[in-house]
Each structure stands twice: as structure tokens, then as C-alpha cells.
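# Observations on the three-dimensional arrangement
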Amino acid sequence: MSIKQTIRRYVLENFLFTDDEAALQDDDSFLAGGIIDSTGVLEIMLFIEEAFDIKVEDDEMLPEHLDSIKNLVTFIQRKQAVSA
Amino acid sequence: MSTVPRLLQETLLATVSRSPERTALVAGDARLSYREVADCACRLAQALRVRGVQRGERVVVFMDNGWQCAVSIFGVLLAGGVFVIVNTQTKHDKLAFILRDAGARVLLSESHLARVFGPVVEQLPTLQVLCTAAKAEVLPANGENLDAALADQPTTPPPQFGIPLDLAALLYTSGTTGEPKGVMHTQQSLLFVLDSINEYLGFSEDDRLFSALPLNFGYGLFQWFSAVRAGATLVLERSFVYPAQVFKRMCDEAVTSFASVPTVYAMMLAQDAKQPLRFPSVRLLTNAAAALPVEFIPGLRRIFPNAGLCKMYGQTECIRSAYLEPTLAEVKPESVGRAIPGTELLLLDENRRPVVSGAVGTLYVRGPHVMRGYWNQPEKTAEVLVPGLLPGEFLLKSGDLFRQDAEGDFYFVARSDEIIKSRGEKVSPAEVENAIYSLPTVREAVVTGVPDPLLGEAVCAFVTPREGESLTVQQIKRVCSEHLENYMVPKHVLLVSELPRTENGKLSRKLILERYAALITELA
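Rules of the game
- Residues numbered from 1 in each chain as written.
- Chains lettered and ligands numbered in written order.
- Predicted model: local features only at pLDDT ≥ 70, side-chain atom pairs only at ≥ 80, totals over all residues.
- Helix = DSSP H or I, 4+ residues; strand = E, 2+ residues; numbered from the N terminus.
- Domains from an automatic or database assignment.
- Contact = placed C-beta atoms within 7 Å.
- Nonpolar A, V, L, I, M, F, W, Y, C, P; charged D, E, K, R; others polar.
- Buried ≥ 20, exposed ≤ 12 C-beta atoms within 10 Å, placed from the backbone.
- Pairing = 2+ DSSP bridges.
- Right-handed = clockwise from strand over helix to strand, strands pointing away.

The subject of this paragraph is unusual backbone geometry. Residues and elements named next belong to chain B. Its identity is not glycine, yet A289 carries a phi of approximately 80 degrees, on the positive side. The residue A289 is located in the loop between β13 (284–287) and α11 (297–303) in this model. Phi angles above zero are rare outside glycine, and R423 is one such case at about 55 degrees. With respect to the secondary-structure elements, R423 resides in the loop between β23 (420–422) and β24 (425–427).

We now examine the domain arrangement of chain B. Partitioning chain B into structural domains gives domain 1 (8–260) and domain 2 (420–523). Taken together, the eleven residues of domain 1 of chain B in the interface contact eleven residues of domain 2 of chain B.

Further remarks concern the interface of chain B and chain A. Tallying the contact residues gives 19 residues for chain B and 15 residues for chain A. Residues of the side of chain B that touches chain A, tallied by class, amount to six nonpolar, ten polar and three charged.

The subject of this paragraph is helix α1 (residues 8–18) of chain B. Residue and element names in this part refer to chain B. For α1, the buried fraction is high: eight of the eleven residues fall into the buried class. Those residues of α1 that sit buried are L8, Q9, E10, T11, L12, L13, T15 and V16. Tucked inside the fold, the buried residues of α1 contact α2 (34–50), α3 (67–78), β8 (167–173), α7 (187–201) and α8 (218–230).

Attention now goes to the pairing of strand β26 (residues 456–465) of chain B. Residue and element names in this part refer to chain B. A large share of β26 lies buried, amounting to seven of its ten residues. Note: strand β25 (residues 442–452) against β26, ten bridges, orientation antiparallel. Residue V446 lies in a different strand from β26, and its bridge partner there is F462. Turn length for the β25-β26 hairpin, with the two strands adjacent in sequence and antiparallel, is three residues. Inspection of the sheet shows β26 paired to strand β27 (residues 492–495) by four bridges, in the parallel sense. Bridging across to β27, V463 finds its partner in L495. Taking the sense of rotation as the criterion, the β-α-β connection linking β26, helix α14 (residues 473–483) and β27 turns out right-handed.

As C-alpha cells, then:
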């Protein structure tokens, strides 16, 4: 499964509680869309750390890294490239 | 305008005339001076009057926690209207309930929220919608562009007719029966409690208050009112979702006051353990909405080395009841202190007689800050507003049991209703149960709070499926997320075959908690 598919499935299952792919666009803001809240962001961070073997620093917890599927994919790819 | 403000909007006009160029509000990329806030609020007031908003009519503000929301509150008040703020996490059926229940004349919102309010306003043909929108094409069908509506209005207030007895706000709060109740506050009750709060917290125009609390919540709303009254600056964040961003903002703006709830303090303590957090500019730290665990205090002293800590207690029905003097934070760490200035607290038994010294009683609140009642709900009002000491006076019966020490300071003992406090938010078990029952495969559902290290209490649902039906945890969480604000969605869902009952055959939270005690311990 690609990074995008993995992330999409996780967010759909755990925050939208659905497997309907149409429920989430890749550039939907999780925050503006009311999809996640503050505990949700921590859950996403823990999930991507484990699923992609990366370490998210506290100062990287920013909307430009975490607030949409698109931002997450870019962020994870960048982190993996640095650690590779 | 009188020399002493008698109405909330007069506090804004007084501050503008004193210090028009002082920064009132910092939110996202926006920085507004008091003059800009007042100009914008006056334009909105004029636009609302043009659209027929009369004295006492309700205007629902369904906006993100940003400058538009903060300014709209004063715009509605300057129009003579009653503001009703709805959290943007609210889903469409609850928004529809509030719009109908309040009899709203106008809805103020933002275009990205149209997917929530769009289907609702179609059913309410008399409701006018004013909506911010970057582009005309994203406006909902029956919505008017708010920015365009303001553009040609004057920046002077429309003629003012209000008096302190007028209704100023309906603050919707969760009730035990599931439907939210509109707490009616007058100009007088809100302005009184505002002055009392600013007196014991000692805000001045040099303060920069920081808040990420929602403006629909009394504690969040009063950060804004306190700032305006004092001529101080409010640094308003949408939420605490991105802590690094919030912490940077706090440092950049050198904030002097930080208002939050135990869940946020818990998160800050966890961060501090990994990498030290320091906010030396903060002189005042406040806590409300849920009790601050005693063991948090030493860590908070490290994070805020120059701040006094003020623990407070209140409820929407009177905004604030008690506060503990910062000097007593370590002396009486479990106390909520005493009544706020100008009010009193009474501990009464079931016959409404004072309890003997040191005994546990129900807390009653006496003062000009007590609400007028629940909107359109005289029976529910009568349950909590009981005849007071003088004819025509009412005491507010809180849902909580307290005791008092020899020096007069109060200690929380227990709640006397079943409301769950999660992340400082009130969650009505009945409201969550109703959402779960909308699944036809559910036989029975009981929702209760279970201890949680971060949330205080976590929402936990015990559900039994109908015989022969399949039911999954995910289905239950989904139906909850479709109907309820995020903080109400159960963190834990336990599917069980049978729920324990009392001898009378009633479902009992107490028996459920006993039977599943071991399981609940594992969840935390």
C-alpha cells in the first residue's frame, strides 16, 4: 500500500469511521473540516511515527505538515528521504 | 453613553474613546486596534438593523474561533440583538435545533461552513444568512456576502435603546436530558460578572491575554470581554490542535495571562518533560471547567515561572461562582476558594436549610450574575432557580455537592447529576445515547464517564446489539461523529451481550461501572 493509501485508510477509519473513499479529499483541511481535534493530531502523529518509522519533532507539529492527506504525504516522504 | 458602562457594548465604546489605537485582538494573521474592532462591529450593527433585527432578537454566530466571531458579538449587541454563539464542531441536526429553538432572525457564518449550515437553512425560509466568502461563487444559495453587506455601512453605532435588563446572550449548554438548553443572560448579569472577574484577576490595559478556548464557552467568551473591559489585548487562537504553533504565538506576543483547562495543562506537562517549555512573560495562569489535579502544580510552576495560579469554578448559568486566591494555590490545592466579589455561595440540605459547619451540601449561588432561566423551558428553569432570600429573588442551584472549611473556602465533593466532564467540556450521556440509538441494530446503550489521564473523564459507551444483528464499534463511533461534536464521540465503545439492571429492571450506570470495573481500569 502506498503512503497515501495507508494514511487515507487510517484517517477514514479512525476519524470519519467509514471506508467510503469519497468522504475525504486529499487536500481537505482536517481542522477546518472538523475532522480532528487536538487529541486527534497526537494520534495521527503516533500513527505515522510507527507506520513509517519516522520521528516527528514537537516543532514539526504544524498544519503545513499534518493538516491534510496531501500535507502528510509530502511530510512523510521528506522525513523518509532525510533518514534514508 | 453614561460615564459608567451599563451595557456590554458600552465597554467597547469606552475603551475605543480612551485608546483607539491600542491593539484589541490578535488572531491568525489579523491584528485589530480597538478602533478597527469598533468600526467593524458598528458596520455589522447597522447592517443587522437594515435587515430588520430588532431589540431582543437572536442572531446566531456560527464562526470559527477568530476575529470575525469576536467582532460579531459586539456587532449583535450594538444592534440591540441577542448573540448566540455555536461551536463550529456542531453538526447539522444540533445547529438546526438551536436555530429553531432560539428563533434566530439572522445567521452569521463563513463559507467553508456552508456544508453544515446549507441543508439546515433551506428548511428555515425566514432566516437570513450573512456569510463571509472570498469569492461570490462559494456563497450558499440563500446567503448574502457579509463583507459586501458591511462595506457601505457607517462606522457609527445605530441608535441605542437597550437597558441593563435586556437579554444579551443565549449560551447553549448540554443538559442531562440530551437537548441543549439556552441559558439566558442579561446585559446586567454579564456585565456584573465581568467586573467581578476583572476585579479579582486584576487585568489592566497592559495585559495581553492568551486564549485558545472557544468563544461559545463562558470561560472563552470572558477572555474577550475581560480584555475589552480592561482595554487589554486578546491573543486568540482557533484551538490547541497544533501546540508548537500556539507556543510560538505565546512567546512572540509576550502574553501575560494564560487561560486554559486541565487537558491542555496535561499536554503541556508532557511536552515539558521531553523538551523544557518556558513562558516567563505570563504573570497569571487560570484554570476552570474541570478541577486541576494537585500533582500538576509543581510542573506548571516550572513552565510559568513568574505566574500566579488562579483556580476557578463556575457554570454557564452564572458564568463564574468561585475562585481561589493565587497565594493559596499550594496552601489549599484542593479548594476552589470562595465566592467571586459581590456574590455569595450557600451550602444547603434537601430542605434548603444551611448544612452544619463542615458538612456536605448542595451549592447554591446568590448574586446579580445568576441567569434569567433557560430559554423557553420554564420547568427546567424552576428546577435550578429557586426562591431566594427576598421576594422576586432567585438562587441558582448548582449540580454539585461541596463542603466548606473553617475559613470559608469551598471543596468540590461530587456532581449530583450524570453529566460527564471530558476535556473540560460538558457531555450529556443522554445526548450520546440518543445518537447511538439512531442505529436500528442497537438494543441498549448506556454512556458514562471513565477516568482518563489526559481528558479527566473519557466518554465510554456500553452497547448491546439487537438479537441476531451485527454491530461494530466503528458503526457506533461513526453515527456519533455524524451527530455530535468531536469531544462527545465516545473514546471507548464496549459491545456487551447484557447490561446489568436494578431490582426494578432499570439500567443502572452504577451497576455497570461495578460490573466492568476491571475492564475500565485497563482502558485508562
